[in-house]
Amino acid sequence: MNGKISTWGNSLALRIPRDYAQTLGLSSDTPVTLELSQGGLLIRPARQRPSLDDLLRGVTPELIGGEEAWGQAQGQEEW
């Protein structure tokens, strides 16, 4: 499929055909990465970093465990 580069303000813009956008899960304002590759331009959806809430969602008290007994103080530790 062929495309055309257009001017958008001080930048250049490329229209992405709807079928391609749907296949890649792209929509307006989707972050992408741009990379020069073998004389061309490679455009990929940017990896989304998970939020802290997403990372902690599966953490339960059972997974955290409790305190560990390390025995009597051996030096001048304050227990």
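About the thresholds
Residues numbered from 1 in each chain as written. Predicted model: local features only at pLDDT ≥ 70, side-chain atom pairs only at ≥ 80, totals over all residues. Heavy atoms only, no water. Patch = residues over 30% accessible without salt bridge, like charges linked within 9 Å, V, L, I, M, F, W, Y side chains within 5 Å. Areas by Shrake-Rupley, 256 points an atom, 1.4 Å probe, with all protein chains shown as cover. Salt bridge = Lys/Arg side-chain N within 4 Å of Asp/Glu carboxyl O. Helix = DSSP H or I, 4+ residues; strand = E, 2+ residues; numbered from the N terminus. 1 Å grid on protein atoms, 1.4 Å probe; cavity = no way out; pocket = protein on both sides within 12 Å on 5 of 7 lines; lining within 4 Å. Points joined across faces, edges and corners; volume = space filled by probe spheres on them. Nonpolar A, V, L, I, M, F, W, Y, C, P; charged D, E, K, R; others polar. UniProt positions renumbered as here; feature names shortened; annotations may be inferred.

- If you check an unreviewed UniProt entry, the chain appears there as AbrB/MazE/SpoVT family DNA-binding domain-containing protein from Deinococcus cavernae.

1. A closer look at a nonpolar patch on the surface
At step 1: Among the surface-exposed residues, Ile5, Leu12, Leu14, Val32, Leu34, Leu36, Leu41 and Ile43 lie close enough to one another that they form a single nonpolar patch of about 830 Å² accessible area.
At step 2: At the level of elements, β2 (11-14), β3 (32-37) and β4 (40-45) are the ones that each hand at least two residues to the nonpolar patch.
At step 3: Broken down by element, the nonpolar patch gets its largest block of residues, 3 residues, from β3.
At step 4: With respect to the element layout, Leu41 can be found in strand β4.

2. Here we look at unusual backbone geometry
At step 1: One non-glycine residue, Asp29, adopts positive backbone phi at about 70°.
At step 2: The topology assignment puts Asp29 in the loop between α1 (18-24) and β3.

3. Section: the layout of surface pockets
One simple way to see leftover space: roll a probe sized like a water molecule over the atoms.
At step 1: Space inside the largest pocket adds up to approximately 640 Å³.
At step 2: Residue lining of the largest pocket: 17 residues in total, with Trp8, Leu14, Arg15, Ile16 and Val32 positioned closest to the centre.
At step 3: Among the secondary structure elements, those contributing two or more residues to the lining of the largest pocket are β1 (5-8), β2, β3 and β4.
At step 4: Partitioning the lining of the largest pocket into residue classes produces 12 nonpolar, 3 polar and 2 charged.
At step 5: Quantified by volume, the second largest pocket comes out at close to 270 Å³.
At step 6: Looking at the second largest pocket, the residues that line it are Met1, Asn2, Gly3, Leu14, Arg15, Ile16, Pro17, Tyr20, Leu24, Leu26, Leu41 and Ile43.

4. Notes on the UniProt feature "domain: SpoVT-AbrB" (unreviewed entry) in the chain
At step 1: The UniProt record marks residues 6-51 with the feature "domain: SpoVT-AbrB" (unreviewed entry), using the residue numbering of this structure.
At step 2: Helix makes up 15% of residues 6-51 and strand 41%, with an end-to-end C-alpha separation of 35 Å.

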